[in-house]
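# Overview (structure and organization)
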Amino acid sequence: MTLGRRLLVLLTVVAVLATAGAWAVLHAADAAPGNRRPAADDPRGEPGPVRLGPQPDGARLVFRSMTWGDRRDQLASVPLARPDTTRTVSAPACLRFHAAAGTGICLQAVHGLVEDTYRAVVLDADLHEVRHYDVAGIPTRDRVSPSGHLVAWTVFLSGDSYAGTAFSTRTSVLDTRTWTLQENLEDFAVTLDGRPYRASDVNIWGVTFADDEHFYATLATRGQTYLVAGDVGRRTLTTLHGNVECPSLSPDGTRVAYKKRVAGLSDDDPWRLYVLDLRTMAETATAEQRGIDDQALWIDDRTLAYAMPGDSGSDLWTVPADGSGGAALLAAAALSPAVVR
């Protein structure tokens, strides 16, 4: 082959690769969430102010909006008593969100040319960033204490599902009064079944706060999970009950809602939603019969809200905490809720 022919072949290959690359980029852009058109039956949303402070017109539900379009992942607000009304939607975009007493936590993706990174952003009552912290993995859980003074988040360091055992987490607690960050709860002293315990496979996730000193969380080790009581000041974790994941403390502080692994279910979908009485340690199965992979939220002392897969990725459902009744749709195309009052 002559030199001229070789150059011609080379130029042709380069042109083909460039065309293919351009097509791939355009195709990816077309498939991006912001370019997916909302469906006709999607919940309606309008841009406007979303506040995390006192609500003069009654409690509101604030959550990550999952409707397709350029406002997907932003925060949406609706009256708690009328969650099917038009949503007020505002930046920022969050993968996970929670709020209490005018403090919000927003776990975000920072999109890069090569790969995404992640950060935890503390928000004020008007959704303005107060501080942010780089995190070492994919966001999965977050919570704010009832006073708004403590914030917790969990990320996956490896793996991206709680269903198996091949994952590692890191859970951090931040004091918004002093900006003291306890970066890894695995550094806390663990008491397991009444004895001091240390192991390299300990993972902690799913914090739920009782007050500004005490919290509950999940501890996993040797293939088992436990509900632990945590003390921020003493830096201790003490096991209370087995087979508890992603606990959520009731407003009255007497019960914990959680994911329980149920024997005989699929390894990919092993959990059902239960409630534990902290005084008697009696367990109550809720009427939700589907598998749940979420940290439930107490709407009030009687009702639990949680995410289930939906057409837009996730919908919010409710069920009574006492085992009665049945599951009901709360908000379509929604994830990671908080009740602000």
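Look a little higher up for the structure.
Residues numbered from 1 in each chain as written. Predicted model: local features only at pLDDT ≥ 70, side-chain atom pairs only at ≥ 80, totals over all residues. Heavy atoms only, no water.

### Some remarks on the pairing of strand S2 (residues 60-65)
On a regular strand, each side chain points to the face opposite its neighbour's, so the side chains alternate between the two faces of the sheet. The test is simple: The buried label applies to any residue whose accessible area, calculated with a 1.4 Å probe on protein chains only, is under 20% of its type's maximum; exposed applies above 50%, and partly exposed to all values in between. A run of H or I in DSSP becomes a helix once it reaches four residues, and a run of E becomes a strand once it reaches two; helices and strands are each numbered from the N terminus. Any two strands with at least two DSSP-identified bridges between them are counted as paired.
Counting buried positions along S2 gives five out of six residues, so the element sits mostly inside the fold. Pairing of S2 with strand S3 (residues 74-79), which is carried by five bridges, proceeds in the antiparallel orientation. The partner of leucine 61 across the bridge, within S3, is valine 78. Bridge count for S2 against strand S27 (residues 334-340) is five bridges, and the pairing is antiparallel. Bridge pairing in S27 links arginine 64 to leucine 335.

### Focus: the state of the cysteines
Here is the rule we go by: Note on terminology: disulfide denotes any pair of cysteine sulfur atoms within 2.5 Å.
On inspection of all chains with the given rule, the structure shows one disulfide. Through a disulfide, cysteine 94 is tied to cysteine 106; the S-S separation comes to 2.1 Å. Judged by the sign of its S-S torsion, about -115 degrees, the bond between cysteine 94 and cysteine 106 is left-handed. Separated by 12 residues along the polypeptide, cysteine 94 in the loop between strand S4 (87-93) and strand S5 (96-100) and cysteine 106 in strand S6 (residues 103-110) bring together distant segments of the chain. Each member of the pair, cysteine 94 as well as cysteine 106, is classed as buried.

### Some points on the side chain of lysine 260
Put simply, the rule reads: Polar contact is defined as a pair of N or O atoms within 3.5 Å, subject to the rule that within protein one atom must be able to donate a hydrogen and the other to accept it, and that residues adjacent in sequence are counted only when both atoms are side-chain atoms. Whether two residues are in contact is decided by their heavy atoms, any of which lying within 4.5 Å being enough.
Position of lysine 260 relative to the elements: it lies in strand S20 (residues 255-261). Overall, the relative accessible area of 16% leaves lysine 260 in the buried class. Looking at lysine 260, its side chain comes within polar contact range of the side chain of glutamate 283, at 2.8 Å. The residues touching lysine 260, leaving out its near neighbours within four places in the chain, are Asn243, Pro270, Trp271, Arg272, Tyr274 and Glu283.

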